[in-house]
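Chain residues, written in single-letter form:
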Amino acid sequence: MENYGGLMLATAIFLMAGAAQGQIDPELRELIQGGISQAVQGASPLAGYGYYYLNEPNFARTNVTLRLAVAPVYLDSELGFTGLLGPHTDLAVGLAGGGFADNYYEFDGGKYQPRQSFVGYGAEGSVSLYHLFNPDQRIPLNGVLRLTEHYSMYGRTDELASGYRLPPDHSSFNWRAGLRFGGREPLFTPAVAMELSAWAEGQFRPENGSYGFDGDRQLNAVSDLFWARALLIYTFPNSNSMEIGFTAGTSDDADRFSAYRLGGLLPLASEFPLSIPGYFYQELSARNFVAINANYSIPLTADQTWRITPLGGLALVDYLPGTGQSGAFNSGIGLGVGYRARSRHWQALATFGYGFEAERSHGRGAEAVGILFEMNLRGKNSGEPTRLDRAFGFLSGFF
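Reading the values: rules and limits
Residues numbered from 1 in each chain as written. Predicted model: local features only at pLDDT ≥ 70, side-chain atom pairs only at ≥ 80, totals over all residues. Heavy atoms only, no water. Phe/Tyr/Trp six-rings, centres within 6.5 Å; stacked < 30°, edge-to-face > 60°. Helix = DSSP H or I, 4+ residues; strand = E, 2+ residues; numbered from the N terminus. Buried < 20%, exposed > 50% of the residue type's maximum accessible area, 1.4 Å probe, protein only. Lys NZ or Arg CZ within 6 Å of the ring centre and 35° of its normal. Pairing = 2+ DSSP bridges.

## Details of the packing of aromatic side chains
Then comes step 1: Inspection of the entire model under this criterion finds 25 aromatic pairs.
Then comes step 2: Aromatic side chains Phe118 and Phe257 sit 6.4 Å apart centroid to centroid with 50° between the ring planes, which places their arrangement in the tilted category. With Phe118 in the loop between strand 7 (111-112) and strand 8 (119-132) and Phe257 in the loop between strand 16 (241-252) and strand 17 (260-262), this residue pair connects regions lying 139 residues apart in the sequence.
Then comes step 3: Ring geometry for Tyr234 versus Phe236: centroids 5.2 Å apart, planes at 85°, classification edge-to-face. Take Tyr234 and Phe236: they sit in the same class, and that class is buried.
Then comes step 4: Three or more aromatic residues joined by ring pairs form one cluster here, namely Tyr104, Phe118, Tyr154, Tyr164, Tyr211, Phe213 and Phe257.
Then comes step 5: Positioned above the aromatic ring of Phe280 is the side chain of Arg360, whose terminal nitrogen or guanidinium carbon lies 3.8 Å from the ring centre.

## So, the sheet that holds strand 10 (residues 164-165)
Then comes step 1: Taken in spatial order, the three strands make up an open sheet running 10-13-14, and their pairing is antiparallel. The open sheet is flanked by strand 10 and strand 14 (217-219), the only strands paired with a single partner.
Then comes step 2: Sheet analysis places strand 10 next to strand 13 (residues 209-213), joined by two bridges and oriented antiparallel. From the neighbouring strand, Arg165 faces strand 13, where its bridge partner is Gly212.

Next comes the structure, spelled out in structure tokens:
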């Protein structure tokens, strides 16, 4: 079990948050963000993220923005040039990579499979174009085109079965195109946000082929993904707040490395988190899915330092063959108890979730606990409206 403990630690400190956003962020930010999720029943790797996040406009020049996300074993960076290709068209170049970036954990029928899980290391470079279609409107409509070259290398663990052949180390050329109306700031609890977006992504792997037990699974040469999201976050005058999100996706020739991964409760673990409380993090691998998530946060004290947050999620899942469980419907509920410092510079949330349909050795039903944390190092009050929040000020007319 020596290497199993190493996997748990590596996962806990690995930056899993995909920091790439749909536009160059105009806000100055310096944050520390972290989260850990652990199932109560069943063996699984400890899932989490922890990183230092910096977004600095006017870096070196007035039209240059530096974005950095730094974890102990991972770095994600982007240098954005505002207006480089026209008054409303920006260009950005990025570099990312580090240890454990491409770890793969196998789940099947509600059971973690350490004999089929392995570590992975990755590095990538990217070029992105961001175009603002409606510069005179309050809510931005951005077009995004991103080209990425990613290289993955895999390593064995002590628990990996001796007869299991690793997938080949390989490069992957990926493209992503999307339209995003509105957007969500990279914060734990934005005061207000809305988004309607649609995306397409293609992944091309020249080094592909079979791996696993006697070649029983495939690394596909081409995978295509298509998904859409609708999101609304709003804080009422009485300081209650709500968040509701709808995401749906489909795919063509998805494999274990390109399938959608659902489960767990780590809201900043990716740009498009697919959370279901109570489940293992990324327990479910899907070719197609429809998911809904919601929460409602209520202050418990007059100074609003303590809050309680009921939350829930459900999904209809078309599982990737060999990774699913019986029944397409999955759902979970949970409760969060949070504290926000009077200075509003940091906050934490303890969570408990119950997954109704999660398969475990005792039958259906599973619990998971977690901790989420955010600290604002630049002193701006966490949870107060920014200029991006104020762009959605028209929402107040509906509530």
